[in-house]
Amino acid sequence: MKRLILATELKNLWREKLVLTLFLTTSVLALVAFFNAHYFTNKQRDIVLAAQQMQQQTIQNAKTGLPERLASTENHKWWEDPYDLRGQAFYLMQNYATKTPLATAPIATGQADVLPYYFKMLIKEKQHIVHQYDYVHPLSLLLGQFDLSFVVIYLLPLLIISICFNALASERQGGQLRLLMLQGGSATHLLTYQLLLRSALILMPFLLISSLLLVIIRDQIGVTELLSYNLIVLCYSGFWIALTAWINSRAKSAANNAATLVTCWLALVIVVPALVNTSIALLDPTPSRIHYIDSLRAASDDAQKASEKTLAQYFQDHPELAKNGSGASDYATKKIATINSVERAMEVQDARFLNAQQAQQQSAQKLQYLSPALIVQTLLVDLAGNGLTRHHAFMSEVEAHHHALQRFFANEIAKANQRGDFAPCDGCSAKPTLTNLADIPQFSSKFATPVYSYTPLTWLLLLAVGLLLIAKRRVNKLDSANNKEVLVV
């Protein structure tokens, strides 16, 4: 009987030309989504590699040109001299902090198109470094990237609904269900095999093609990441299959099933996520960006106006850098002291932004359980390495690298001042104070990535199991009613 049901269902789908249509549709979606996200990821990776190569090439060029610079008797302007600590610190340094895309990046681009993934580091206020952004066409940001997660979250449920909405309903309305009962079959078996076969025609081509592309083209992807991707997709699809089973178990018409399922899709995928985002913005609003910029300008002006007081406070905080000397040789130290003063003045504003972001993220983690789409979106974006969790870890490393650079140049400039390297004799060329650019701290793009939690996936499975149990109970009642009708006939 099982083979008969499966064979009959497959023949019906083949007769309606759904088998080939579904295979082509899901295959095209997988191909287009993967290569579009792969192309986007490659552009970011190329930019990151170019920055890293430029940094290494600058170090090599400086090493090659050092003998000529040491032998030179010309006057060199320090702000144009790559071998001057001050010139490197404030103007010439080619030092980058980069976030390299992971091998799983094409799965979900997330906010990778708006969140910065590289910074050119200089000795200036960290606020001027971490707030660098690329200008992108607003329409591109509004529409987002067409990637695998978009297909999984938005399109796969629609495809499942479009092929499964009339499962059992058409047989019940056409009278075939009674014939099945006479032959020893049941509505439960029929609905189960219909949903499994129809959903498999959608999921199998998509998962097979997307997984093969990830393995072949993104060759650095690991087995764990690949299995996680497939598990997330199967659990999310399982929820929609269970929801379809529950709707079909109500013994309504096919038109009623279709309308109900589309309404559920709109509510769970579109309306609820929009309400969640709005609620988060209202409950934990971020401070005004305009007010932040005004505060930064005011702090910079105050620090520059009170430069002597700022320098004295800086030496009080860093007595090891205190020195004898004045005039032009103190310019670099005064500038670093001013930068430190501005950063201290902005700590309250930075803390307000950080606290608001953390509160929003905590609210998002709690409210994601209201929609399966939010759960899967978060899981896929984190798996791809384009989520806020990895980005916050990256920003923490950028800030730590900024402080390391600041300490390095502050110490080296203080030592050079004490040696008098910044005050050559008349007609003499200034001494090179930075002969090896490799001594400058380098950013490691292999920063620690937090471990992701798959606990929300358990909630998704519980929802699916609950819906299936309710559907099974209803279909069993339908079986009992149909059996009585068959016996009466």
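With an unreviewed UniProt entry as reference, the protein chain is termed DUF3526 domain-containing protein, source organism Pseudoalteromonas prydzensis.

UniProt records the feature "transmembrane region" (unreviewed entry) for residues 20-40, 148-169, 190-217, 229-247, 259-283 and 451-471 in the present numbering. Taken end to end, residues 190-217 is 100% helix and 0% strand, and its two terminal C-alpha atoms sit 40 Å from one another. In the segment residues 229-247, helix accounts for 100% and strand for 0%; the C-alpha atoms at its two ends are 27 Å apart.

A probe as big as a water molecule, rolled over the atoms, marks out the empty space that is left. Across all of its chains, the model carries two cavities of 30 Å³ or more by this definition. Forming the walls of the largest cavity are Gln44, Lys99, Thr100, Pro101, Leu102, Gln111, Ala112, Leu115, Tyr117, Gly385, Asn386 and Arg390. Here the lining of the largest cavity is built from residues that sort into five nonpolar, five polar and two charged. Approximately 60 Å³ is the volume found for the second largest cavity. Lining the second largest cavity, in full, are Gln55, Ile59, Gln88, Met93, Gln94, Asn95, Leu437, Ile440 and Gln442. Of the residues that constitute the lining of the second largest cavity, the class distribution is four nonpolar, five polar and no charged.

General note: in soluble globular proteins, nonpolar side chains tend to be found buried as a group. The biggest cluster of nonpolar side chains holds 66 residues, and the ones touching the most others in it are Ile107, Leu156, Phe206, Tyr229, Tyr236 and Trp240. Listing elements by their share of this core, those giving two or more residues are α2 (18-71), α6 (148-164), α9 (187-217), α10 (223-248), α11 (254-283), α16 (372-384) and α18 (455-488). Ranked by residue count, the leading element in this core is α10, at 13 residues. What Ile107 contacts, discounting residues up to four positions off in sequence, is Asp147, Leu148, Ser149, Leu214, Tyr229, Leu380, Leu383 and Ala384. With 34 residues, the next largest nonpolar core counts Ile59, Phe119, Ile129 and Phe408 among its residues.

So, on to helix α15 (residues 347-367). The end-to-end C-alpha distance of α15 is 30 Å, a good match for the 30 Å that 21 residues give at a rise of 1.5 Å each. Regarding α15, the residues found buried are Gln349, Asp350, Phe353, Ala356, Gln361 and Ser363. Buried residues of α15 fall within an arc of 165 degrees about the axis and therefore sit on the same side. Turned more than 90 degrees off the buried face of α15, the exposed positions are Val348 and Lys366.

What follows covers α11. In a regular helix each residue adds 1.5 Å, so 30 residues correspond to 44 Å; α11 covers 41 Å between its end C-alpha atoms and thus fits that length. At Ala267, α11 shows its largest bend, some 35 degrees. Within α11, burial applies to Ala254, Asn257, Leu261, Cys264, Trp265, Leu268, Val269, Val272, Pro273, Val276 and Ile280.

With that settled, consider a nonpolar patch on the surface. A cluster of nonpolar side chains, namely Val28, Leu31, Val32, Phe35, Leu208, Leu212, Val215, Ile216 and Ile217, defines an oily patch on the protein surface of about 780 Å² accessible area. Contributing elements (two or more residues each) for the nonpolar patch: α2 and α9. Here the nonpolar patch takes five residues from α9, the largest share from any one element. For Val28, the location among the structural elements is in helix α2. Residue class for Val28 comes out partly exposed when judged on its relative accessible area of 47%.

Calculation rules
- Residues numbered from 1 in each chain as written.
- Predicted model: local features only at pLDDT ≥ 70, side-chain atom pairs only at ≥ 80, totals over all residues.
- Heavy atoms only, no water.
- UniProt positions renumbered as here; feature names shortened; annotations may be inferred.
- Helix = DSSP H or I, 4+ residues; strand = E, 2+ residues; numbered from the N terminus.
- 1 Å grid on protein atoms, 1.4 Å probe; cavity = no way out; pocket = protein on both sides within 12 Å on 5 of 7 lines; lining within 4 Å.
- Points joined across faces, edges and corners; volume = space filled by probe spheres on them.
- Nonpolar A, V, L, I, M, F, W, Y, C, P; charged D, E, K, R; others polar.
- Core = buried A, V, L, I, M, F, W, Y, C linked by side-chain atoms within 4.5 Å.
- Buried < 20%, exposed > 50% of the residue type's maximum accessible area, 1.4 Å probe, protein only.
- Contact = heavy atoms within 4.5 Å.
- Expected span 1.5 Å × (residues − 1).
- Arc of directions from axis to C-beta.
- Bend = angle between axes of the 7 residues up to and from the residue.
- Patch = residues over 30% accessible without salt bridge, like charges linked within 9 Å, V, L, I, M, F, W, Y side chains within 5 Å.
- Areas by Shrake-Rupley, 256 points an atom, 1.4 Å probe, with all protein chains shown as cover.
- Salt bridge = Lys/Arg side-chain N within 4 Å of Asp/Glu carboxyl O.

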